[in-house]
Amino acid sequence: MAVEELQSIIMRCQILEEQDFKEEDFGLFQLAGQRCIDEGHIEQLLEIIQNEKNKVIIKNMGWNLVGPVVRCLLWNKDNGKRKYYFLMLDLLVKLCNPKELLLGLLELIEEPSGKQISQIILLLLQPLQTVIQKLHNNKAYSVGLALSTLWSQLSLLPVPYSEEQIQTDDYGLCQCCNALIGFTKPFVEEVINDKENSLEDENEKLKDELLKFCFKSLKCPLLTAQFFEQSKEAGNDPLRCFASEIIGFLSAIGHPFPKMIFNHGRKKRTWDYLEFEEEEEKQLADSMASLAYLVFVQGISIDQLPMVLSPSYLLQFNMGHIEVFLQRTEESVFSKGVDLLENGLLRIEDNGLLHQYLEIKSFLTVPQGLVKVMTLCPIETLRKKSLAMLQLYINKLDSQGKYTLFRCLLNTSNHSGVEAFIIQNIKNQIDVSLKRTHNNKWFTGPQLISLLDLVLFLPEGAETDLLQNSDRIMASLNLLRYLVIKDNEKDNQTGLWTELGKIENNFLKPLHTGLNMSKAHYEAEIKNSQENSQEVQKSKDLCSVTVGGEEIPNMPPEMQLKVLHSALFTFDLIESVLARVEELIEIKTKSTPEENIGIK
């Protein structure tokens, strides 16, 4: 019945001119064709499509059958019929109006979600490529529309983050990336072959569309993609292969990556003529950072880089990209910033990074970004690596650079552990300076005193939360102890003895008062907790304790007592070091230089 109905519609249309086809005819043809497919009359439908007499009708109306055929290919697993569906799809692509077919195929690609996205992309990439090749007018627009649609769908797929996930490729992203390279290559080759006519408007537009696609691919999936050394050696990492091809495309269309990445951020870029949408412009920084990582860390096409570039220049160039990585919250992204920083720093000799570089914003924001990773990242290995990179960064700076960075981080970190780390580094630099024949002015005398003003004080005086700031306070006391031992009052190389009165008033005396207040408070809380625990043992309930204005979360009384005793132990430790520092000061101020020798 469906076949007869379709033949009836065709016979009526055969006597009409192409321009006389009505919208009603298109609808009836689509419904009848759909019924033929649903009822399994595939071979009869194929005969109708192949009939030369129906050529004009199929050209204008046949694209309506592409959707039903594609859905059958996705859902029908009957191998006996699938070959007919493939044959019908090939015929429709060959015979139908390419403009209508292009829009129809892109609509089909936009429909699915989840794992079906990769299935339909892999099915339709070849037909889509064939259709675009038939469009001679506005080909660049068609290529751009297709690549944008494909990328939008691929960006919805999760990027595999382990070697096992890459191998299983459950969502088909890796397969799609490989297929997408094959889809794009003919258009890249078209640009290459037309280089002699590079002023031709259509060719320039095609280059622009390909460049936009490369930028988008660098952001997704390559920004978050993980690359593994084992897969690199075996040469079987599909995402790495995809990255290599994308970088190759850039060079092929006249935008080699050295030219692009070294121009990024300048007022006039080599691709300023591109009309990026506002959102695309924002994504450009991510794309350039991704490109820098692929080249410098993964070594893709790194042989194209000029060999004359200095390590400091390469670091300066990459710092902006590292900053972009560290601003992101995804572990797979900001970890690349840490890797890229390590790659740049290892090229530079210790103390070889001039302090003038810190006048560039990113040279201060990057270490601040490392601090955020160190203090906020839930992954221990990344926290430790960020700490190691911050230390490596400090090691590479010259003395004035170290001094400037220390001041910056002491003012901005707002974390006791980080401040203790910086104070330990200050102590190390003072030690190096005192051992030199010629003192380093940045870690002795007035400059050092200015730095010590940020270290040897309590932010809120005696009211400072000593427990929360215990790491910083212990580091400060150890630094002060070191200074008292190493610098004699007569020599006063560090300037400590000139400022001793201020240090006692701003740091030592408030610390004494704060310790007395804190110990009294916690001892009272221990007493209350012990009394409460007796009642709790009877009721079997949890109790709560308020410390420093904040309530400790409900926990068993034994656990609360353990926490409170731990706090008291910390205060005792601070008090012990404080007492030793004051003892050393007293000995030093009352002894002769000869008597000071051997004091520890």
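An unreviewed UniProt entry annotates the chain as Glomulin isoform X1 of Neomonachus schauinslandi.

1. Some points on the packing of helix α22 (residues 416-435) against helix α24 (residues 470-486)
Between α22 and α24, the shortest axis-to-axis distance is 7 Å and the interhelical angle comes to 15°. On the basis of the axis angle, α22 is roughly parallel to α24. Crossing of α22 against α24: the hand is left-handed. Every residue of α24 that contacts α22 at S416, G417, E419, A420, I423, I426, K427, I430, D431 and L434 is listed here: S470, D471, R472, A475, S476, L479, Y482, L483 and K486. Broken down by class, the residue content of the contact of α22 with α24 amounts to 9 nonpolar, 4 polar and 6 charged.

2. Notes on the pattern of salt bridges
Scanning all chains against the criterion turns up 19 salt bridges. The salt bridge partner of R328 is E330, with a shortest N-O separation of 2.6 Å. Judged by relative accessible area, R328 falls into the partly exposed class, the value being 21%. Through salt bridges with shared partners, a single ionic network connects K219, D286, R328 and E330.

3. Considering the nonpolar core
Of all hydrophobic cores here, the largest spans 180 residues; its most connected members are L128, F183, L477 and L511. The biggest single contributor to this core is helix α26 (residues 557-590), with 11 residues. For F183, the residues in contact, after removing those within four places along its chain, are L125, L128, Q129, I132, A146, L147 and L150.

4. Regarding the packing of aromatic side chains
Taken as a whole, this structure holds 9 aromatic pairs when the rule is applied. Aromatic side chains Y293 and F325 sit 6.3 Å apart centroid to centroid with 75° between the ring planes, which places their arrangement in the edge-to-face category. Placement of Y293 in helix α16 (residues 278-296) and of F325 in helix α17 (residues 311-327) is noted, with a sequence separation of 32 residues between them. Among the residues examined, Y293 registers a relative accessible area of 5% and is labelled buried. F325 gets classed as buried once you look at its relative accessible area, which sits at 0%. Put simply, the rings of Y403, F406, W442 and F443 touch in pairs and so form one group of aromatic residues. Positioned above the aromatic ring of Y482, the side-chain terminus of K427 is 5.0 Å from the ring centre.

What counts and what doesn't
Residues numbered from 1 in each chain as written. Predicted model: local features only at pLDDT ≥ 70, side-chain atom pairs only at ≥ 80, totals over all residues. Heavy atoms only, no water. Axes fitted to C-alpha atoms, helices over the stretch in contact; angles between N-to-C directions. Helix = DSSP H or I, 4+ residues; strand = E, 2+ residues; numbered from the N terminus. Parallel < 35°, antiparallel > 145°, perpendicular 65-115°, else oblique. Left-handed = near helix turned anticlockwise from the far one by under 90°. Contact = heavy atoms within 4.5 Å. Nonpolar A, V, L, I, M, F, W, Y, C, P; charged D, E, K, R; others polar. Salt bridge = Lys/Arg side-chain N within 4 Å of Asp/Glu carboxyl O. Buried < 20%, exposed > 50% of the residue type's maximum accessible area, 1.4 Å probe, protein only. Core = buried A, V, L, I, M, F, W, Y, C linked by side-chain atoms within 4.5 Å. Phe/Tyr/Trp six-rings, centres within 6.5 Å; stacked < 30°, edge-to-face > 60°. Lys NZ or Arg CZ within 6 Å of the ring centre and 35° of its normal.

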